[in-house]
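# Chain and residue survey
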Amino acid sequence: MSSLQRNIVANLVGKFWSVAIVLILIPQYIHYLGIESYGLIGFYSTLIGSMAILDLGLSTTLNRELARFRAESRPANDTRNLTFSLECVYWGIGLLISLIVVSLSGPIAENWVNAEKLPSHVVRESVILMGIVIAFQWPISLYSGGLTGLEKQVLNNTINVIMSTLRAAGVLIVLIFFSRTLQAFFLWQAGVSLLYVLVMRWALWKEMPKHHQRPRFSKEQLKIIWRFAAGMTAIGVVTFLLMQVDKIILSKLLSLSHFGYYTLGFSIATSISMLTNPVSIAFFPRFTTLIYGNKQEELKLLYHQACKLMASFIFPFCIVLFFFMHDILRIWTKDITTTEQTCDIARILLAGSMLNALMVMPYNLLIANGWTRFTIIQNSIAAIILIPLLFWLANKYGGVGAAYVWVLVNLGYVLISQPLMHRKLLKKELFRWYWNDTLIPLLPPLLTVLAIKFSLEKFLPDFKLNLWAIGAIFLVAFSITLFYMREGRVFLLQLFQKKSS
């Protein structure tokens, strides 16, 4: 197994487990806390997602710079000083965010969140605890980015699996045996996040290049990377406007319970990240290494392989989820009201997320090249057009209206941004991306699932799908996709080979 394949597998296992365990336990959280309390947990997810703009592009910058260190054999002392400097800045940002959230807990509880049953003091105390969780959780992404840049992704994901299990399953034990309150939920999250960040810091510095001098804060090293980091910050700001503003607006417009349904649908739609993120994280350092090694032909080949491999994973998953969403929600939540309220929102959001997943590898190529300006302009134009549309549709149609905006944003990326990006970075490769990397991988799972759906409705109209049946449908769709997609077949076959690159 090559190091790239090993990293992809590690990322898949880590991301799949961290997403899957939360999805599995969400109905239990709703059962013990109630849909309104789950809506407040959704508000926390929105809050930390919104604060991502304050990342300043530092986690991606560290990822890229450590990958360049491996490609260009930079001095170890400079790399260590840069890492320590970014670490100091990152911790400072996390503490600042924490103080802001804690200080605004009162206004958020009284003037923003539309709680119907939860007492105001419970909401306020929960928001205070959210601020504490953020302080500990914030630097984790920096350390994860550093381990990824060093291609220590097996270690990164081993820690992720252990901590995700503690965070998601451990809190359920607290809710069942100790206290069924939001305060207990967030106290547990704070404790696990503190342990998580300490372990991640130890892991990164253990794997850093060795040098006899202790790392120090270096303004000179920060000056070297400021332009790229500034570009990533700008990308973060405009991306926030497109990806988080819907939930911020809805958290104000909707009742906490209806916001909980939207959050549930969003959790399902973004579960695709357990497939996209692992593949993306594994390929990004390789793109960077090939670009700075001036290996253009190898880069083209790897880019198309990555796009087709991504498509082989995401299309079967998304198509099965889309056509059998109602059955999956019924089995998962065991509640007809939650199923009916969430189904349409989840389907629409899933369609947008599938389009977004197609853009992951092109985006990685942009960032590996250091071309942040394109994404800034692209997302700024999209925000100017779509944010007013979001206000109108969300106010008129609620969660369903907001979900359609997510589809429009990503459709614009696929149809408008892709031709511009390929013209700049990979000339004459656009048609190959649309045809070989996107359309051909789409057809096998789409036709397969449509045939199964039609057959079930035609010949077994009274058959109620269960989890095993849906799993079997996914395996059929995935197997047929791999049969037609060489990249997927080769990847799986080589997983069992002991040969390493």
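Scroll up to find the structure.
Right, let's walk through the structure included here. (Residues numbered from 1 in each chain as written. Predicted model: local features only at pLDDT ≥ 70, side-chain atom pairs only at ≥ 80, totals over all residues. Heavy atoms only, no water.)

## Describing the overall build of the chain
- In terms of helices and strands, the chain carries 22 helices and 0 strands.
- Put simply, of all contacts in the chain between residues at least 6 apart along the chain, 85% involve residues at least 24 apart. (Helix = DSSP H or I, 4+ residues; strand = E, 2+ residues; numbered from the N terminus. Contact = heavy atoms within 4.5 Å.)

## As for a nonpolar patch on the surface
- On the surface, Phe431, Trp435, Leu439, Ile440, Leu443, Leu447 and Leu450 cluster together to form a nonpolar patch covering roughly 650 Å² of accessible area.
- Take phenylalanine 431: its relative accessible area is 63%, and that puts it in the exposed class. (Patch = residues over 30% accessible without salt bridge, like charges linked within 9 Å, V, L, I, M, F, W, Y side chains within 5 Å. Areas by Shrake-Rupley, 256 points an atom, 1.4 Å probe, with all protein chains shown as cover. Salt bridge = Lys/Arg side-chain N within 4 Å of Asp/Glu carboxyl O. Buried < 20%, exposed > 50% of the residue type's maximum accessible area, 1.4 Å probe, protein only.)

## Details of the pattern of salt bridges
- Throughout the structure, instances matching the rule amount to 7 salt bridges.
- Taking the shortest distance from any N to any O, the salt bridge between lysine 206 and glutamate 207 comes out at 3.5 Å.
- Owing to a relative accessible area of 44%, lysine 206 belongs among the partly exposed residues under this scheme.
- For glutamate 207, a relative accessible area of 23% translates into the label partly exposed.
- Close ionic contact of glutamate 297 with lysine 300 constitutes a salt bridge, the shortest N to O distance being 3.9 Å. Linking glutamate 297 with lysine 300, this pair stays in helix 14 (residues 296-323), spanning 3 residues, or about one helical turn.
- The class for glutamate 297 is exposed, based on a relative accessible area of 58%.
- According to the relative accessible area criterion, lysine 300 is buried, its value standing at 19%.
- Each of Lys152, Lys206 and Glu207 takes part in salt bridges that share partners, so that together they form one network.

## So, the nonpolar core
- Within the largest apolar cluster, 145 residues are counted, with the highest numbers of intra-cluster contacts made by Tyr29, Leu40, Phe287, Tyr303, Phe324 and Met361.
- Top contributing element to this core by residue count: helix 14, with 16 residues.
- Non-local contacts of methionine 361, meaning those with residues more than four positions away in its chain, are made with Val279, Ser280, Phe283, Phe287, Tyr303, Ala306, Cys307 and Met310. (Core = buried A, V, L, I, M, F, W, Y, C linked by side-chain atoms within 4.5 Å.)

## Here's the deal with the packing of helix 7 (residues 140-149) against helix 9 (residues 182-207)
- Look at helix 7 against helix 9: their axes get within 9 Å of each other, and the N-to-C directions meet at 30°. Taken together, the axes of helix 7 and helix 9 lie roughly parallel to each other. Both helix 7 and helix 9 take part in a crossing whose hand is left-handed. Between helix 7 and helix 9, the contacting residues are Ile140, Tyr143, Ser144, Gly146 and Leu147 on the first element and Ser193, Tyr196, Val197, Met200, Arg201, Ala203, Leu204 and Glu207 on the second.
- Across the contact of helix 7 with helix 9, the residue classes break down as 8 nonpolar, 3 polar and 2 charged. (Axes fitted to C-alpha atoms, helices over the stretch in contact; angles between N-to-C directions. Parallel < 35°, antiparallel > 145°, perpendicular 65-115°, else oblique. Left-handed = near helix turned anticlockwise from the far one by under 90°. Nonpolar A, V, L, I, M, F, W, Y, C, P; charged D, E, K, R; others polar.)

## Considerations on helix 15 (residues 325-333)
- Three or more residues of helix 15 are buried, namely Met325, Asp327, Ile328, Leu329, Trp332 and Thr333.
- Immediately beyond the C-terminal end of helix 15, within one or two residues, lies lysine 334, with a positive phi of roughly 55°.

## Details of the packing of helix 11 (residues 245-253) against helix 12 (residues 256-269)
- Relative to each other, helix 11 and helix 12 sit at 160°, their axes nearing to 9 Å. Considering their axes alone, helix 11 and helix 12 lie roughly antiparallel with respect to each other. Helix 11 and helix 12 meet at a crossing whose hand is left-handed. On helix 12, the residues that touch Asp246, Lys247, Leu250 and Ser251 of helix 11 are Phe259, Tyr262 and Phe266.

## Here's the deal with the packing of aromatic side chains
- The final tally for this structure, using the stated rule, is 12 aromatic pairs.
- Summarising the aromatic geometry, the rings of phenylalanine 322 and phenylalanine 323 are spaced 5.3 Å apart at their centres and angled 80° between planes, so their arrangement reads as edge-to-face.
- On the basis of relative accessible area, phenylalanine 322 is assigned to the partly exposed category, the value being 31%.
- Stacked on the ring of phenylalanine 322, the Lys or Arg arginine 347 has its end atom at 5.9 Å from the ring centre.
- The ring of phenylalanine 324 is capped by lysine 453, whose NZ or CZ atom sits 4.9 Å from the centre of that ring. (Phe/Tyr/Trp six-rings, centres within 6.5 Å; stacked < 30°, edge-to-face > 60°. Lys NZ or Arg CZ within 6 Å of the ring centre and 35° of its normal.)

## Comments concerning the layout of surface pockets
- Each pocket or cavity is described by its volume, and for the largest pocket that value is around 1,300 Å³.
- In terms of lining residues, the largest pocket is bounded by 36 residues, among which Leu23, Ile24, Met274, Ile328 and Leu467 are the most central.
- For the lining of the largest pocket, the secondary-structure elements that each account for two or more residues are helix 1 (3-33), helix 13 (273-292), helix 14, helix 15 and helix 21 (467-484).
- Here the lining of the largest pocket takes 12 residues from helix 1, the largest share from any one element.
- Taken together, the residues that form the lining of the largest pocket break down as 28 nonpolar, 6 polar and 2 charged. (1 Å grid on protein atoms, 1.4 Å probe; cavity = no way out; pocket = protein on both sides within 12 Å on 5 of 7 lines; lining within 4 Å. Points joined across faces, edges and corners; volume = space filled by probe spheres on them.)

## Concerning the environment of isoleucine 272
- One can find isoleucine 272 in the loop between helix 12 and helix 13.
- Residue classification places isoleucine 272 among the buried positions, given a relative accessible area of 5%.
- In this view, isoleucine 272 contacts Ile314, Phe317, Cys318, Ser353, Met354 and Ala357; residues no more than four positions away in its chain are not counted.

## Quick word on the environment of cysteine 88
- With respect to the helices, strands and loops of the structure, cysteine 88 is situated in helix 4 (residues 76-103).
- On the basis of relative accessible area, cysteine 88 is assigned to the partly exposed category, the value being 34%.
- Each C-alpha atom of the pair cysteine 88 and proline 139 lies 9.7 Å from the other, and the pair is 51 residues apart in sequence.

## A look at unusual backbone geometry
- You will see that lysine 334, though not glycine, has its phi angle at about 55°, which is positive.
- Relative to the assigned elements, lysine 334 resides in the loop between helix 15 and helix 16 (336-358).
- Here lysine 428, not a glycine, exhibits a phi torsion of approximately 70°, which is positive.
- Examined against the element boundaries, lysine 428 turns out to sit in the loop between helix 19 (399-425) and helix 20 (430-459).
- Of the residues examined, lysine 428 reaches a relative accessible area of 84% and is grouped as exposed.

## A closer look at the environment of threonine 438
- Following the sequence through the fold, threonine 438 ends up in helix 20.
- Judged by its relative accessible area of 12%, threonine 438 is buried.
- Each C-alpha atom, one on threonine 438 and one on methionine 310, is 9.5 Å from the other, the two residues being 128 residues apart in sequence.
- Discounting residues that sit within four places of it in the chain, threonine 438 has contacts with Phe315, Leu358 and Trp433.
- A polar contact of 3.0 Å, which involves the side chain of threonine 438, links it to the backbone oxygen of tryptophan 433. (Polar contact = N/O pair within 3.5 Å; in protein donor to acceptor, adjacent residues only side chain to side chain.)

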